[in-house]
Amino acid sequence: MVDARPQQPLFAFGVIADIQYADIDDGYNFQRTNRRYYRSSIELLRNALDSWSKAAVRPGFILQLGDLIDGHNKLLAASDRAVDAVLKELCSVDAHHVWGNHEFYNFSRDWLLRSKLNSTPQGSQKEVGSNVYAYHFSPYPGFTFIVLDAYDVALLGREESSPGYREALTLLRRFNKNDNLNCPPGVGLLQRFVMFNGGFSKKQLSWLDSVLTSTDERHEKVTIACHLPVHPNSTDPLCLLWNFDEVLAVIRSHSSVVCFMAGHDHDGGYYFDEDTGIHHVTFEGVIETPPDSNAFAIVSVYEDRMELKGSGRVADRVFFFPQSCRS
């Protein structure tokens, strides 16, 4: 049979996660099981940028899935210098930045909202609230991308006197009795209740539901970008969003969602939800990628699918759209 699928994509975009740059020598993760390549991570970003610039169809934008610089920068009073160095590399592309836990190790939420890491498109209305970082954009007719705030309810980035902080602390203390709240409680899915994770407020969930209702009505195809994964089968339980079940309930109730992209789990992961046709992909982190390898992707978008071409640790994948989303 002759493959009748169009060979020229409608558009393309790049994806990269957990760069965590710091101008320091290599180290290890908290458990000392995985090596971290802090200084060379910016070289791997340059590799990605070079590859994207030479692609047959150049990416129209980049999804940067969070943890752009490492928390060590804060301890060294190098946060501003580090983020400026990485953003200088990204100045030639249209980057949509997701916020991860390391953004909040380095900066306050107020600082981030005023910074270049706030990639909310100009003119976009603040529909969620003035201190929630979530927005949507359409790079091509019939396609919408949604950036979500995984630390809307969290200890990180919130003033101790704020309702969000108190809500997060109450939730954490209900499940995590450890003195160190970054030490996971119990086993299984309970491990997600740690300080370096977060969750969505009712307000953000309601906003997401409203946006997806609109994209359903327009028969669009929606890709969601968030630092924390929301499907237990796409990640280690330690890296899950606190109220992942509530998020899944929302996105499963809408026909327009085709893909959920996340970072945070440096080992990566993938799960196809057969009941809904949604692809949950967690991207491998640059920070734990050796200097002689890579960790990025370019995604080519067609009417019936997205084709992910990975580099280095990121595997090639094809994400077919559910029949309900096909034109």
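These remarks concern the structure in this document. (Residues numbered from 1 in each chain as written. Predicted model: local features only at pLDDT ≥ 70, side-chain atom pairs only at ≥ 80, totals over all residues. Heavy atoms only, no water.)

## Things to note about the overall build of the chain
Moving on, step 1. The secondary structure content of the chain amounts to eight helices and 14 strands.
Moving on, step 2. Over its C-alpha trace the chain gives a radius of gyration of 19 Å, about what one expects of a compact globule, namely 20 Å for 327 residues.
Moving on, step 3. Within the chain, buried positions represent 57% of all 327 residues.
Moving on, step 4. For the chain, the computed accessible surface area is about 14300 Å², with 49% contributed by carbon and sulfur atoms.
Moving on, step 5. Of note, the chain has its 31 positive side-chain charges centred 3 Å away from the centre of its 41 negative side-chain charges. (Helix = DSSP H or I, 4+ residues; strand = E, 2+ residues; numbered from the N terminus. Rg over C-alpha atoms; globule rule 2.2 N^0.38 Å. Buried < 20%, exposed > 50% of the residue type's maximum accessible area, 1.4 Å probe, protein only. Areas by Shrake-Rupley, 256 points an atom, 1.4 Å probe, with all protein chains shown as cover. Lys, Arg positive; Asp, Glu negative; His and termini not counted. Charge placed at Lys NZ, Arg CZ, Asp CG, Glu CD.)

## With respect to the pairing of strand β12 (residues 295-301)
Moving on, step 1. Among the seven residues of β12, seven are classified as buried, and the element is accordingly described as predominantly covered.
Moving on, step 2. Of the two faces of β12, both are covered, the one formed by A295, A297, V299 and V301 as well as the one formed by F296, I298 and S300.
Moving on, step 3. Pairing of β12 with strand β13 (residues 305-312) involves seven bridges; the strand directions are antiparallel. Paired with A295 across the bridge in β13 is G312.
Moving on, step 4. Counting the residues between successive antiparallel strands, the hairpin from β12 to β13 contains three residues. (Pairing = 2+ DSSP bridges.)

## Description of the sheet that holds strand β6 (residues 135-140)
Moving on, step 1. Read from one edge of the open sheet, six strands run β6-β7-β8-β9-β11-β10, paired in mixed fashion. Edge positions in the open sheet fall to β6 and β10 (269-273), since each of these has one partner strand only. Averaged over all pairs of adjacent strands, the angle between strand axes in this sheet comes to 15 degrees, irrespective of strand direction.
Moving on, step 2. Sitting on the sheet, helix α7 (residues 202-217) is in contact with β6, β7 (143-147), β8 (221-225) and β9 (257-262), with an inclination near 175 degrees to β7.
Moving on, step 3. Against the sheet, helix α8 (residues 244-252) touches β8, β9, β10 and β11 (278-282), its axis set at about 140 degrees to β11. (Axes fitted to C-alpha atoms, helices over the stretch in contact; angles between N-to-C directions. Contact = heavy atoms within 4.5 Å.)

## A closer look at the environment of L238
Moving on, step 1. By secondary structure assignment, the location of L238 is in the loop between β8 and α8.
Moving on, step 2. Separated by 26 residues in sequence, L238 and H264 place their C-alpha atoms 9.8 Å apart.
Moving on, step 3. L238 has contacts with Q31, P184, Q191, R192, V194, F196 and N197, leaving out every residue within four places of it along the chain.

## Quick notes on the layout of surface pockets
Moving on, step 1. Roughly 780 Å³ of internal volume is contained in the largest pocket.
Moving on, step 2. In terms of lining, the largest pocket is formed by 30 residues, of which the most central are N29, F30, Q31, R36 and F196.
Moving on, step 3. For the lining of the largest pocket, the element with the highest residue contribution is helix α4 (residues 101-106), accounting for three residues.
Moving on, step 4. Here the residues of the lining of the largest pocket sort into nine nonpolar, 14 polar and seven charged.
Moving on, step 5. Of the voids in this model, the second largest pocket is the one considered here, and its volume is about 460 Å³.
Moving on, step 6. Broken down by secondary-structure element, the contributors of at least two residues to the lining of the second largest pocket are α5 (109-114) and α6 (163-175).
Moving on, step 7. Counting residues per element, the lining of the second largest pocket draws most heavily on α6, at four residues.
Moving on, step 8. For the lining of the second largest pocket, the residue count by class is nine nonpolar, six polar and eight charged. (1 Å grid on protein atoms, 1.4 Å probe; cavity = no way out; pocket = protein on both sides within 12 Å on 5 of 7 lines; lining within 4 Å. Points joined across faces, edges and corners; volume = space filled by probe spheres on them. Nonpolar A, V, L, I, M, F, W, Y, C, P; charged D, E, K, R; others polar.)

## Things to note about the pairing of strand β1 (residues 11-16)
Moving on, step 1. Extensive coverage of β1 is indicated by the burial of six of its six residues.
Moving on, step 2. Side chains F11, F13 and V15 of β1 all project onto a buried face; the interleaved residues A12, G14 and I16 project onto the opposite face, where all are buried too.
Moving on, step 3. Strand direction decides the pairing type here: β1 and strand β4 (residues 61-64), joined by four bridges, are parallel. Residue pairing in the sheet places G14 in a bridge with I62 of β4.

## Focus on α8
Every α-helix carries 3.6 residues per turn, so stepping three or four residues along brings you back to the same face.
Moving on, step 1. For α8, the full list of buried residues reads F244, V247, L248, V250 and I251. One side of α8 carries all its buried residues, which in axial view fall inside an arc of 160 degrees.
Moving on, step 2. Packing partners of the buried residues in α8 comprise α7, β8, β9 and β11. (Arc of directions from axis to C-beta.)

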